Amino acid sequence: MSQDDAVIGCTGVLLIGTRGAAGPGEVLVRVRGGSEAFLAWSAEPLPVGATVLVIESRGNRQVDVMEWADPLDALPGSAGDAG
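From a predicted model like this one, the values you see are computed outputs, not experimental measurements. (Residues numbered from 1 in each chain as written. Predicted model: local features only at pLDDT ≥ 70, side-chain atom pairs only at ≥ 80, totals over all residues. Heavy atoms only, no water.)

Student: Go over the sheet that holds strand β7 (residues 62-67) with me, naming the residues and quoting the values.
Tutor: In space, the five strands of this closed barrel follow the order β1-β3-β4-β7-β6, with mixed pairing throughout. Neighbour-to-neighbour, the strand axes of this sheet turn through a mean angle of 55°, independent of strand direction. When strand β1 (residues 11-16) meets strand β3 (residues 25-31), the two strands line up antiparallel, connected through four bridges. If you follow L14 over to β3, its bridge partner there is V27. (Pairing = 2+ DSSP bridges. Helix = DSSP H or I, 4+ residues; strand = E, 2+ residues; numbered from the N terminus. Axes fitted to C-alpha atoms, helices over the stretch in contact; angles between N-to-C directions.)

Written out as structure tokens, the structure reads:
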């Protein structure tokens, strides 16, 4: 099982929620100029539609994910307000 380094650090959206230690879900990740689906494992259960960050590749189209919120979304205002 070779690791897929290209997917590590990418974000995605859960198509099927994860169940933590009870089992994987499925994530759609934007990678390599398109979108690809992977089995997604997480430490804690995550719901369908959650935005996640891929933190590890298990090979065989399986990844470890964690819930992700873009820190730039929390900034007040927009880029148009700068300057």
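Still more to cover.
Student: I'd love a proper account of the pairing of β1, names of residues and values included.
Tutor: Here β1 pairs with strand β6 (residues 51-59) via three bridges, running antiparallel. For G12, the partnering residue across the bridge sits in β6 and is V52.

Student: Report on unusual backbone geometry, specifying residues and quantitative values.
Tutor: Notably, R32 is not glycine yet its phi reads approximately 55°, a positive angle. Turning to its location among the elements, R32 is positioned in the loop between β3 and β4 (34-41). Positive phi values are uncommon outside glycine, yet N60 reaches one of about 50°. Inspection of the secondary structure puts N60 in the loop between β6 and β7.

Student: Let's hear about the nonpolar core: which residues, and what values?
Tutor: Counting 14 residues, the largest nonpolar core has L14, V27, V29, V63 and V65 as the members making the most contacts within it. Broken down by secondary-structure element, the contributors of at least two residues to this core are β3, β4, β6 and β7. Counting residues per element, this core draws most heavily on β3, at three residues. The residues touching V27, leaving out its near neighbours within four places in the chain, are G12, V13, L14, L15, E36, A37, F38, A40, V52 and V63. (Core = buried A, V, L, I, M, F, W, Y, C linked by side-chain atoms within 4.5 Å. Buried < 20%, exposed > 50% of the residue type's maximum accessible area, 1.4 Å probe, protein only. Contact = heavy atoms within 4.5 Å.)

Student: Outline the pattern of salt bridges, supporting the account with residue identities and numerical values.
Tutor: Applying the stated rule across the entire model yields four salt bridges. For D4, the salt bridge identified is with R32, shortest N-O distance 2.9 Å. Pair noted here: D4 is in the segment before β1 and R32 is in the loop between β3 and β4, with a separation of 28 residues, a long-range link. Judged by its relative accessible area of 48%, R32 is partly exposed. Residues E36 and R61 are paired through a salt bridge, measuring 3.2 Å at the closest nitrogen-oxygen approach. Here R61 lies in the loop between β6 and β7 and E36 lies in strand β4, a separation of 25 residues in the sequence. Judged by its relative accessible area of 19%, E36 is buried. Three or more residues are tied together by salt bridges with common partners; here these are D4, R32, E36 and R61. (Salt bridge = Lys/Arg side-chain N within 4 Å of Asp/Glu carboxyl O.)

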